[in-house]
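Below are the chains, spelled out letter by letter.
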Amino acid sequence: MSSEALHQFLQMGGYAPFVWGSFGCAALVLVWNVLAPRWQRRALRQQLEMMDPDD
Amino acid sequence: MWTWFHRLASPPWFYDFAGRLLPWLGLASLLLIGYGTVGGLLLAPPDYQQGEAFRIIYVHVPAAWLSLQVYLVMALAAAIALIWRIKLAECVVVAAAPIGASFTALALVTGMLWGKPMWGAYWVWDARLTSELVLLFLYLGVIGLHQAFEDARAGARACALLALVGVVNVVIVKYSVEWWNSLHQGPTISKIGKPSISLEMLWPLLGMTLGFMTLFGHALLRRLQNELLQREARSQWVRERWARGDV
């Protein structure tokens, strides 16, 4: 892709902030949905660790 | 058939089953969302009316669609939880709410970003937008209610009741563009067999929607596993899996 074409692509016909803003927000939400359950699991592991010594 | 259902609803069996399914769902959603992004941003031609701004459809429509689908899954689980008191169904209600809330928020934000260049305003109080905002509050209500209860089971039952009552709002969101005069455009792809969109534009949209659905499945299964671990932390099956490092 030439730099001219790339520039045009990034411009999105003048709608750049709206199009890229939308895709950016989507990326954030999708990544959050992958990470949030993992953070939750990590906290759970610590909880299980604490009750580990056969109570 | 019934024995299969019983097995599926048993926490240890479901925990392992989810663990086997998770990587495949993750891979599928990665490929589908990748295809949808490339197809939507690069391969699809610009719209003859909206130009490049129409590309927002590739994140807005899947998010909006999922915001309703997730609610239906949550409400169905709520009904099962209230009628048969199945523990796994209670967990689905609690686990689905934050995912649904995130998709609803995304649908609202991308809708605002699309509304500004097309309608000239980020927000208008019309039926579609307002009912979608109510949907977000319903999800937040379920999350808040769950956190307000000390006892997990009592909390889940309260959440299930709220989720079930709120299902009427899903119907309102769905038909709002037909029942009321709205700035929001009507459905683009649901006219089965004859969608009002060209195939080059349609395929990435379907890919993206399937990608969002598999990602929802992925997040839901992981949250369900967490919920089961939390509730049954003292049971034998959790200890076994903890001992063999399968947590």
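Residues numbered from 1 in each chain as written. Chains lettered and ligands numbered in written order. Predicted model: local features only at pLDDT ≥ 70, side-chain atom pairs only at ≥ 80, totals over all residues.

## Here's the deal with the interface of chain B and chain A
- Each partner contributes residues to the interface: chain B has 29 residues there, and chain A has 23 residues.
- When residues of the side of chain B that touches chain A are traced back to their parent elements, those giving at least two are helix H3 (57–84), helix H4 (87–119) and helix H8 (199–231) of chain B.
- Here the side of chain B that touches chain A gets nine residues from one element, more than from any other, and that element is H4 of chain B.
- Here the residues of the side of chain B that touches chain A sort into 18 nonpolar, six polar and five charged. (Contact = placed C-beta atoms within 7 Å. Helix = DSSP H or I, 4+ residues; strand = E, 2+ residues; numbered from the N terminus. Nonpolar A, V, L, I, M, F, W, Y, C, P; charged D, E, K, R; others polar.)

## Examining the environment of Ile-57 of chain B
- Among the secondary structure elements, Ile-57 of chain B is positioned in helix H3.
- Separated by 17 residues in sequence, Ile-57 of chain B and Gly-40 of chain B have C-alpha atoms that sit 8.7 Å apart.

## Regarding the confidence of the model for chain B
Residue and element names in this part refer to chain B.
- With 96% of its residues at a pLDDT of 70 or more, chain B shows a mean pLDDT of 91.
- Per-element averaging of pLDDT across chain B places helix H1 (residues 2–8) at the bottom with 72 and H3 at the top with 96.
- Confidence estimates for the predicted assembly give a pTM of 0.92 and an ipTM of 0.90. (pLDDT = per-residue confidence, 0-100.)

## What about the nonpolar core?
- Core analysis: the largest hydrophobic core is formed by 72 residues, its most contacted members being Ile-56, Ala-63, Val-70, Met-74, Val-92, Val-93 and Ala-96 of chain B.
- Residue assignment for this core shows that the elements contributing at least two residues are helix H2 (16–50) of chain A together with helix H2 (11–43), H3, H4, helix H5 (127–148), helix H6 (152–165) and H8 of chain B.
- Beyond its immediate stretch of four places on either side in the chain, Ile-56 of chain B contacts Phe-18, Val-19 and Ser-22 of chain A together with Thr-110, Leu-113 and Trp-114 of chain B. (Core = buried A, V, L, I, M, F, W, Y, C linked by C-beta atoms within 7 Å. Buried ≥ 20, exposed ≤ 12 C-beta atoms within 10 Å, placed from the backbone.)

## Let's talk about unusual backbone geometry
- The backbone of Met-12 of chain A sits at a positive phi, close to 50°, despite the residue not being glycine.
- Judged by C-beta crowding, with 20 C-beta atoms within 10 Å, Met-12 of chain A ranks as buried.
- Look at Arg-85 of chain B: it is not a glycine, yet its phi comes out positive at around 55°.
- Following the sequence through the fold, Arg-85 of chain B ends up in the loop between H3 and H4.
- Classification of Arg-85 of chain B as exposed rests on a count of 11 C-beta atoms within 10 Å.

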